[in-house]
Amino acid sequence: MAAKNDIVLVVDDSPDALSLINDTLETANMDILVALEGKQALTITKRIRPDIILLDAIMPNMDGFETCKALKADANLATIPVIFMTGLSDTDDIVKGLEAGGVDYLTKPIKPNELIARMKVHLNNARLTNSAQLALDSTGQHLMTVSDAGDIEWATPQTYALFAKARATDDWQQNDMAMQLRLWLSQNPAIDSRIQLQNLDYPLSVKMVNNQTGQERLLKLEDGKRPTGPHLLKQKLDLTERESEVLHWLANGKTNRDIAQILDMSPRTVNKHLEQIFPKLGVENRTAAAGIALKVLAND
C-alpha cells in the first residue's frame, strides 16, 4: 500500500513565494494546501488538518504571529508544527515567532533544500509524538474506528448524531452495517476508497482513512445528502462537472498525475481542463485557482 503523502498548508500572500514553494513541495511528493492570509488559514485547518504549516510572518489583516497563536489556542490544531517564513532577520522577530508557537524559522528567499530538510525533521517529530491524534483529526469530525468484524470501537459525537439523522438504529449498526463493513474490510480497501451503506432510507457512505489489517480501522462517515466538494464548485463557479472534479482535487493538493489517476484520465486531459478553468476563474496559475476553490469550500 502506497504511503500517504504529507499535507502541507502554505500561508503566504506573495505569488512569487507561493510558486517557488509549490514547485519545491511537489518535487518532494507533498500535497499542498494554500491560504493567502491568516483567517483563511484557520478556516482551512479546521476542514482539512495539515501535517505541517509554512507560515509567512508578515501579512495583511492577520499576520503570522497572530495566526500561530490562534492555532495553538485550539486544542485540535495545537500540535501541528509551524515553520515561520519571513524576509525579516532581526533576532527579536525570530524570538517573537518562536514564542508564538513556531518550531522553526526560515528567512526569505527560501532555499528549497534547506526547507525540505527542516520540514522532514519536524514532520518526523510530529509523527513520533502525535501520530494517533493527527490521524483522528485529518479528515473532519464524523470519524469512527471499527474492528475487522465491522463493529464500532469508538466514534465521535458527530458520527452518532449523523447516525441519528439517518435513523440508523443501534440494531442496524450492530448487524446490517457490521456485516457490510466486515465484507468490505476483508477486501483490504485502499485509503480514500468508499462503500455506500445499504438498507437505510437516508444515504450514508463510509470512507477509509487509515487501514491496517489486524488493527482498528479509521473510517469517516459521510452524509449523502450534503453537496460534495465538486458539486459545490460546479454550483458556485459555473464549471462543468469534470472541471469541478479537477479543481476539487487540485485544491486538495493533488498533482496532474494524481488527478489523472483518481479521475481515470490522462495528465494531458487534466491540463486541458485546467486551461479552461483558469480563464473562467480569472486566474493564471494553479495556486490562484486552488485559493479560489478553497475559499468556496471554506465558506460552505
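Residues numbered from 1 in each chain as written. Predicted model: local features only at pLDDT ≥ 70, side-chain atom pairs only at ≥ 80, totals over all residues. Heavy atoms only, no water.

The subject of this paragraph is empty space enclosed by the protein. According to the stated counting rule, one finds 1 cavity of 30 Å³ or more in the structure shown. Estimates place the volume of the largest cavity at around 100 Å³. Residue lining of the largest cavity: Asn22, Glu26, Ile32, Leu33, Val34, Leu250, Ala251, Gly253, Lys254, Arg286, Thr287 and Ala290, and that is the complete set. Elements supplying a minimum of two residues to the lining of the largest cavity: α1 (15–27), β2 (31–35), α9 (241–251) and α12 (286–299). Within the lining of the largest cavity, the residues separate by chemical class into 6 nonpolar, 3 polar and 3 charged. (1 Å grid on protein atoms, 1.4 Å probe; cavity = no way out; pocket = protein on both sides within 12 Å on 5 of 7 lines; lining within 4 Å. Points joined across faces, edges and corners; volume = space filled by probe spheres on them. Helix = DSSP H or I, 4+ residues; strand = E, 2+ residues; numbered from the N terminus. Nonpolar A, V, L, I, M, F, W, Y, C, P; charged D, E, K, R; others polar.)

Spatially, the 5 strands line up as an open sheet ordered β7-β6-β10-β9-β8, and their pairing is antiparallel. Each having just a single partner strand, β7 (152–155) and β8 (194–196) make up the two edges of the open sheet. For this sheet the average axis-to-axis angle between neighbouring strands, irrespective of direction, equals 30°. Of the pairings in the sheet, the one linking strand β6 (residues 143–146) to strand β10 (residues 217–223) comprises 4 bridges and is antiparallel in character. Within β10, the position partnered with Leu143 by the bridge is Lys220. (Pairing = 2+ DSSP bridges. Axes fitted to C-alpha atoms, helices over the stretch in contact; angles between N-to-C directions.)

Okay, the layout of surface pockets next. Taken as a whole, the second largest pocket holds about 260 Å³ of empty space. Lining the second largest pocket are 14 residues, with Leu18, Leu36, Asn285, Thr287 and Ala288 positioned closest to its centre. Split by residue class, the lining of the second largest pocket holds 5 nonpolar, 6 polar and 3 charged.

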